[in-house]
Amino acid sequence: MDKKNNANHAIAGAISGFLTRFTCQPLDVVKIRFQLQVEPITRYHTSKYQSFFQAFWLILKEEGILALWKGHVPAQLLSIVYGTGQFYSYNVIIAFSDKYSYLNERKYLTNFVAGASAGSIATIISFPFDTIRTRLIAQSYNCKVYNGILHSCSTILHQETPKVFFAGLSPTLLQIAPHTGLQFLFYRYLTDIYKKYFKETDINFYNSMISGSIAGLMAKTFIYPMDLARKRLQIQGFEYGRKEFGKFFKCKGLIDCLRVTIRDEGIKGLFKGLLPSQLKAALTTALHFTFYEQALLVLKNI
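Residues numbered from 1 in each chain as written. Predicted model: local features only at pLDDT ≥ 70, side-chain atom pairs only at ≥ 80, totals over all residues. Heavy atoms only, no water.

### Concerning the packing of helix α5 (residues 107–138) against helix α8 (residues 205–234)
Right, on to step 1. One way to put it is that α5 packs onto α8 with a least axis distance of 9 Å and a crossing angle of 75°. The angle between the axes of α5 and α8 places the two elements in the roughly perpendicular class. Between α5, through Phe127, Asp130, Thr131, Arg133, Thr134 and Arg135, and α8, the contact on the second element is made entirely by Arg230, Lys231 and Gln234.
Right, on to step 2. Taken together, the residues that form the contact of α5 with α8 break down as one nonpolar, three polar and five charged. (Axes fitted to C-alpha atoms, helices over the stretch in contact; angles between N-to-C directions. Helix = DSSP H or I, 4+ residues; strand = E, 2+ residues; numbered from the N terminus. Parallel < 35°, antiparallel > 145°, perpendicular 65-115°, else oblique. Contact = heavy atoms within 4.5 Å. Nonpolar A, V, L, I, M, F, W, Y, C, P; charged D, E, K, R; others polar.)

Right under this line is the structure:
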């Protein structure tokens with residue numbers, strides 16, 4: 001693979017990340033609010049958020065429509081950096097594997113390993129933006145700690161330590177490696193089935209959308225508890241900004257986070273926010289691959 005092709009994959013990944021993030025940000029905001037809520041998700045409890053639609057309308061009522069895009073700037077930076085790093089790394093790894101017949105004969109396993117590796121690389125380089133985004137979304141409208149991305153960065157550096165930018169990285173890597181690996185594996189497998197069934201040779205728009213949505217849904221369900229743990233670790237030390245959201249969740253690390261969640265909220269607690277997360281995962285993965293494939297086609301013709 002030459003340098004131009006590498007650049008095309010990186011640019012297509014950045015475009016895909018930007019467009020996908022803008023479209024799916026409201027689902028992400030609702031998902032994170034559920035993940036950070038300790039109280040049960042039920043209509044028969046004093047929980048602030050009791051169902052997906054109730055949470056959606058309550059956010060609109062209390063904070064306005066712009067609240068559904070809270071933390072959008074760092075989220076966009078996260079998506080652009082992540083998308084660029086992920087697709088660039090993935091295609092470099094795949095190009096390397098093409099040189100070995102042993103790996104070519106096991107293309108789905110190779111897709112899993114390449115996807116897992118690319119996801120891990122992209123996560124590490126983009127993770128600080130994820131922490132900032134989570135804190136901006138997590139804070140209450142009436143108890144604001146941060147006024148924006150630059151203010152949040154300076155406040156964290158002044159009041160805490162640079163390590164905070166990577167809080168929750170361990171569960172994220174434990175989550176993202178199999179998650180991204182499964183996404184690419186399922187996506188390639190499903191696109192191959194689609195091409196075989198419809199007698200097509202290339203990946204088209206409908207192929208990308210259908211295969212991507214199913215791949216995203218399946219992959220997200222497998223690794224969801226790690227995603228919940230990551231969000232809860234990212235808000236440790238941020239108790240003031242959560243005053244209006246009920247009980248504050250405290251833990252000392254990944255294992256303790258999972259243990260306390262199960263002890264206080266049961267096994268179901270590990271899957272809080274799963275529905276909006278599944279909807280987001282299906283839509284995000286479908287758009288992510290579709291925007292990427294279409295952007296790549298445009299770039300190749302320039």
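### Looking at the packing of aromatic side chains
Right, on to step 1. Summed over all chains, the structure comprises 17 aromatic pairs.
Right, on to step 2. Ring plane angle 15° and centroid distance 6.4 Å describe the contact between Phe127 and Phe166, whose orientation is recorded as stacked. Placement of the pair is Phe127 in helix α5 and Phe166 in the loop between α6 (149–159) and α7 (169–197), with a sequence separation of 39 residues.
Right, on to step 3. Judged by its relative accessible area of 36%, Phe166 falls in the partly exposed class.
Right, on to step 4. Relative to Phe198, the ring of Tyr197 has its centre 4.9 Å away and its plane inclined at 80°; by these criteria the two rings are edge-to-face.
Right, on to step 5. For Tyr197, a relative accessible area of 64% puts it in the exposed group. (Phe/Tyr/Trp six-rings, centres within 6.5 Å; stacked < 30°, edge-to-face > 60°. Buried < 20%, exposed > 50% of the residue type's maximum accessible area, 1.4 Å probe, protein only.)

### Here we look at a nonpolar patch on the surface
Right, on to step 1. Nonpolar side chains collect at one region of the surface, where Phe205, Tyr206, Ile210, Ile214, Met218 and Phe222 lie side by side and expose about 620 Å² of accessible area between them.
Right, on to step 2. Structurally, Ile210 can be placed in helix α8. (Patch = residues over 30% accessible without salt bridge, like charges linked within 9 Å, V, L, I, M, F, W, Y side chains within 5 Å. Areas by Shrake-Rupley, 256 points an atom, 1.4 Å probe, with all protein chains shown as cover. Salt bridge = Lys/Arg side-chain N within 4 Å of Asp/Glu carboxyl O.)

### Focus: the environment of Phe22
Right, on to step 1. If you trace the backbone, Phe22 turns up in helix α1 (residues 3–35).
Right, on to step 2. Setting aside its immediate chain neighbours within four residues, Phe22 contacts Trp69, His72 and Gln76.

### Here's the deal with the nonpolar core
Right, on to step 1. One finds Val30, Tyr49, Ile59 and Ile235 to be the most contacted residues of the largest nonpolar core, which totals 26 residues.
Right, on to step 2. In terms of nonpolar packing, the next biggest core, distinct from the first, is built from 19 residues, Ile94, Ala114, Leu190 and Leu296 among them. (Core = buried A, V, L, I, M, F, W, Y, C linked by side-chain atoms within 4.5 Å.)

### Focus on the environment of Lys70
Right, on to step 1. Turning to its location among the elements, Lys70 is positioned in the loop between α2 (52–63) and α3 (72–97).
Right, on to step 2. Classification of Lys70 as buried rests on a relative accessible area of 13%.
Right, on to step 3. Through-space distance from the C-alpha of Lys70 to that of Arg135 is 9.7 Å; in sequence the pair is 65 residues apart.

### Topic: the confidence of the model for the chain
Right, on to step 1. Taken as a whole, the chain shows an average pLDDT of 86; of its residues, 96% reach a score of 70 or greater.
Right, on to step 2. Averaged pLDDT values over the elements of the chain bottom out at 77 in helix α4 (residues 101–104) and peak at 90 in helix α9 (residues 254–265). (pLDDT = per-residue confidence, 0-100.)

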